[in-house]
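# Architecture and fold: a report
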Amino acid sequence: MTEEMQGETDSRQRILVADDEASIRRILETRLKMVGYEVVVAEDGEEAVNVFNKTNPDLIVLDVMMPKMDGYGVTREIRRTSDVPIIILTALGDVSERITGLELGADDYVIKPFSPKELEARVKAVLRRTNNRETVVPTGKITKNVITTGNIKIDTARRQVFRKNERIRLTGMEFSLLELLVNNSGQAYSRNEILQHVWAYPPDHRIDTRVVDVHISRLRSKLETDPANPELILTARGIGYMFQRIN
């Protein structure tokens, strides 16, 4: 591996690829190793959970349809203890698979059949966003990178959220979405704008914008006193979403 390639990706970052199709495992393992990642593989859901527990990967690429335990079960099991980024592989046209995976805690999805280059781009984008420690000074009340609104405290330096003194666990992409909205409180963002800012999708890329809706729903369920009547993360009718203005 050249020094240039090592500079583009952290060679220490480990990716778990879980898919019951040997050809997909081989292709992804080869391509991801070529761009500098360490790769571990699993051929069914139970093995995926075991490999995850043993190797502590930085990201998981997870097929939905697998024997012994499907991708939903794997996601549910991993989300009990970890916020590791998860990209699900889902069948073309099966919207319900994507939505279910996202609702359970996946961060992004790639549709089969896919190009390895597309998957590499999604891995790089998700890792960059979930590992990002750079922050923008927000417009709200801030004390040493801590934004306070009501009983919610958002520590942008440590990428942690608290209600009173209790930590609220967010995935990396959930935090990045929250950070975008909070840092620009009172400003409405469209779903496409959110996909560009948070998921790093190019403006002309076609993706189901319900990725944003599901993540907003997940954030509301964790942050709002009454998620059905949100007071923090608001719907901007005809536009998208915004965080309540912080004075």
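For the structure, see preceding data.
Residues numbered from 1 in each chain as written. Predicted model: local features only at pLDDT ≥ 70, side-chain atom pairs only at ≥ 80, totals over all residues. Heavy atoms only, no water.

## Thoughts on the sheet that holds strand β3 (residues 59-63)
With respect to topology, five strands assemble into an open sheet ordered β2-β1-β3-β4-β5, the strand pairing being parallel. The open sheet terminates on both sides in strands that have one partner only, identified here as β2 (38-42) and β5 (108-112). Neighbour-to-neighbour, the strand axes of the sheet open up by a mean angle of 20°, direction not taken into account. One ladder, built from five bridges, connects strand β4 (residues 86-91) with β5; its direction is parallel. Among the inter-strand pairings, Ala91 is bridged to a residue of β5, identified as Lys112. Along the sheet face, helix α4 (residues 71-79) touches β3 and β4 and points at about 155° away from the line of β3. (Pairing = 2+ DSSP bridges. Helix = DSSP H or I, 4+ residues; strand = E, 2+ residues; numbered from the N terminus. Axes fitted to C-alpha atoms, helices over the stretch in contact; angles between N-to-C directions. Contact = heavy atoms within 4.5 Å.)

## Section: the pattern of salt bridges
Enumeration over the complete set of coordinates arrives at 17 salt bridges. Between Arg80 and Glu77 there is a salt bridge, with its nearest N and O atoms 3.1 Å apart. Relative accessible area serves as the criterion here: at 35%, Glu77 is assigned to the partly exposed category. A network of salt bridges, in which partner residues are shared, links Asp19, Glu21, Asp63 and Lys112. (Salt bridge = Lys/Arg side-chain N within 4 Å of Asp/Glu carboxyl O. Buried < 20%, exposed > 50% of the residue type's maximum accessible area, 1.4 Å probe, protein only.)

## Here we look at the sheet that holds strand β11 (residues 189-190)
Taken in spatial order, the three strands of this open sheet run β11-β13-β12, and their pairing is antiparallel. On the outer flanks of this sheet lie β11 and β12 (233-236), each paired with one strand and no other. Both β12 and strand β13 (residues 240-243) contribute to a ladder of four bridges, which runs antiparallel. Looking across to β13, one finds that Thr235 is bridged to Tyr241. Each of β12 and β13 touches helix α9 (residues 210-223); the most contacted strand, β12, lies at about 145° to it.

## Side note on the pairing of strand β1 (residues 14-18)
The buried fraction of β1 is high, at four of five residues. Two elements, β1 and β2, share five bridges in a ladder whose sense is parallel. Paired with Leu16 across the bridge in β2 is Val40. One ladder, built from four bridges, connects β1 with β3; its direction is parallel. Bridged to Ala18 within β3 is Leu62.

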